[in-house]
Amino acid sequence: MHTATWCLALLLAGAPAVAAPPVSAPARTPLSEIPDAELGDMRGRYVVGNDLVAWFGVTMTSVWQTASGQTLQGTLQLGMDFSAGGTPTLSFEPTVSITAADAPLPTATAGASVDASGLANVSGLVQSVQVAGDDNAVRNVTALRVREGAAPAPPTAQDATSRTASAAGMQASAGVVDGVAQVRLQVDGQGLTTQWLRSGSAGQSVQLAASGQQIHNQLQIDLVRQSLPATANLQRDVAQAIGLNRGVGI
């Protein structure tokens, strides 16, 4: 029998067939980002929402109570009023205080040290606590509140951009200097606490090298939104439609 005929006879007689290799699934096309040039040619895009930011405010409060009974406190209220349009109206109100300054300062913890120099390279929202001591209570709290309504009344006009107070090896300062809003409390040999708001960064930092201290930092951010009138919505939509259809046609 011819070899080919013999093999065909075995297959028809029920000889086990060799399994075919599995067929691989078609490769998926990877996702790719749409380039800006292509997005720029798209039409029909509109801004969602009918409100605007009327007021943006930040309140920074720092309180430090030492083991000997001294209390250092600094507060800064900063507001940006956008309700009139154009360049926002800035307002600020710094306050500082030191009480029981005649009490003796606690002694530093032997051999304790902290280093927060690396925070200068960090952007965004920062919270840092460095403690080299015992029986301390430290809190950094940041809160964001968004609400509807009108911009609040501006605080009383200030005769200085910052406030400072010092006594018996303690310093407290609050204000806006060189474009940086900051509240800073320091006890010589004990530590430093700082809150700040600057371009690209907002944060709270505690560096403590003593025992029995209580420090509380509160950073409150308020955003007030105000609804646009119907005429303003119509003007905005018409302006967007005109701008998005430039270059369309012959």
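Above this text sits the structure in question.
Residues numbered from 1 in each chain as written. Predicted model: local features only at pLDDT ≥ 70, side-chain atom pairs only at ≥ 80, totals over all residues. Heavy atoms only, no water.

Participant: Go over the overall build of the protein chain, please, and point to the residues and values.
Facilitator: Of regular secondary structure, the protein chain possesses three helices and eleven strands. In the protein chain, the succession of helices and strands from N to C terminus is α-α-β-β-β-β-β-β-β-β-β-β-β-α. Put simply, the protein chain has 250 residues, and 24% of those count as buried. If you take every contact in the protein chain between residues at least 6 apart in sequence, the share linking residues at least 24 apart comes to 65%. A total of about 15,600 Å² of accessible surface is found on the protein chain, and carbon and sulfur atoms cover 57% of it. (Helix = DSSP H or I, 4+ residues; strand = E, 2+ residues; numbered from the N terminus. Buried < 20%, exposed > 50% of the residue type's maximum accessible area, 1.4 Å probe, protein only. Contact = heavy atoms within 4.5 Å. Areas by Shrake-Rupley, 256 points an atom, 1.4 Å probe, with all protein chains shown as cover.)

Participant: Provide a residue-level description of the pattern of salt bridges, including the pertinent values.
Facilitator: Oppositely charged side chains may form a pair once their charged atoms are brought near each other. Counting across every chain of the model gives two salt bridges. Among the ionic pairs, R145 bridges to D222, the shortest N-O distance being 2.5 Å. One end of the pair, R145, is in strand β5 (residues 137-148); the other, D222, is in strand β11 (residues 214-227), with 77 residues separating them in the sequence. With a relative accessible area of 45%, R145 lands in the partly exposed category. Its salt-bridge partner being R225, residue E148 comes within 2.7 Å of it at the nearest N-O pair. Here R225 lies in strand β11 and E148 lies in strand β5, a separation of 77 residues in the sequence. Under the relative-accessibility criterion, R225 is labelled partly exposed at 31%. (Salt bridge = Lys/Arg side-chain N within 4 Å of Asp/Glu carboxyl O.)

Participant: Would you mind going over the side chain of N217 in detail, with residue names and values included?
Facilitator: Structurally, the position occupied by N217 is in strand β11. Overall, N217 belongs to the buried group, its relative accessible area being 0%. In terms of polar contacts, N217 uses its side chain to reach the side chain of S62, at 2.7 Å. Those residues in contact with N217 that lie beyond four places of it in its chain are T61, S62, R139, N140, V141, T193, Q195, Q204, S205 and V206. (Polar contact = N/O pair within 3.5 Å; in protein donor to acceptor, adjacent residues only side chain to side chain.)

Participant: I'd like to hear about unusual backbone geometry, residue by residue, with values.
Facilitator: Despite not being glycine, D135 has its phi angle at roughly 55°, a positive value. By the secondary structure assignment, D135 is in the loop between β4 (124-131) and β5. A positive phi angle, near 55°, is found at D178, a position not held by glycine. Position of D178 relative to the elements: it lies in the loop between β7 (170-177) and β8 (180-187).

Participant: Describe the environment of A210, naming the residues involved and giving the relevant values.
Facilitator: Locating A210 in the fold gives a position in the loop between β10 (201-208) and β11. A residue is classified by how much of its surface remains accessible, and A210, at 0% relative accessible area, is buried. On a C-alpha basis, the gap between A210 and A67 in space is 9.1 Å, while along the polypeptide they are 143 residues apart.

Participant: Describe in detail the side chain of Q204, supporting the description with residues and values.
Facilitator: With respect to the helices and strands, the residue Q204 is situated in strand β10. Other than its neighbours up to four places away in sequence, Q204 contacts V126, Q127, S128, N140, V141, T142, T194, Q195, W196, N217, Q218 and L219.

Participant: I'd like to hear about the sheet that holds strand β9 (residues 191-198), residue by residue, with values.
Facilitator: Taken in spatial order, the six strands line up as β4-β10-β9-β8-β7-β6 in an open sheet, and their pairing is mixed. The sheet is open, and its two borders are formed by β4 and β6 (162-167), each paired with just one other strand. Sheet twist, expressed as the average angle between the axes of neighbouring strands with direction ignored, equals 5°. Relative to β10, β4 is paired through eight bridges, and the arrangement is parallel. Paired with V126 across the strands is G203, a residue of β10. (Pairing = 2+ DSSP bridges. Axes fitted to C-alpha atoms, helices over the stretch in contact; angles between N-to-C directions.)

Participant: Pulling in residues and values, what's your account of the environment of A160?
Facilitator: Topologically, A160 is positioned in the loop between β5 and β6. Sequence separation between A160 and G175 is 15 residues; the distance between their C-alpha atoms is 8.5 Å. In this structure A160 touches F92 and P94, once residues within four positions along its chain are discounted.

Participant: Tell me what's going on with the pairing of β10, and back it up with residues and numbers.
Facilitator: Burial of β10 is extensive: eight of the eight residues sit out of reach of the surface. As paired strands, β9 and β10 are joined by eight bridges and run antiparallel to one another. Paired with G191 across the strands is L208, a residue of β10. Connecting the antiparallel pair β9 and β10 is a turn made up of two residues, with G200 showing a positive phi of about 80°.

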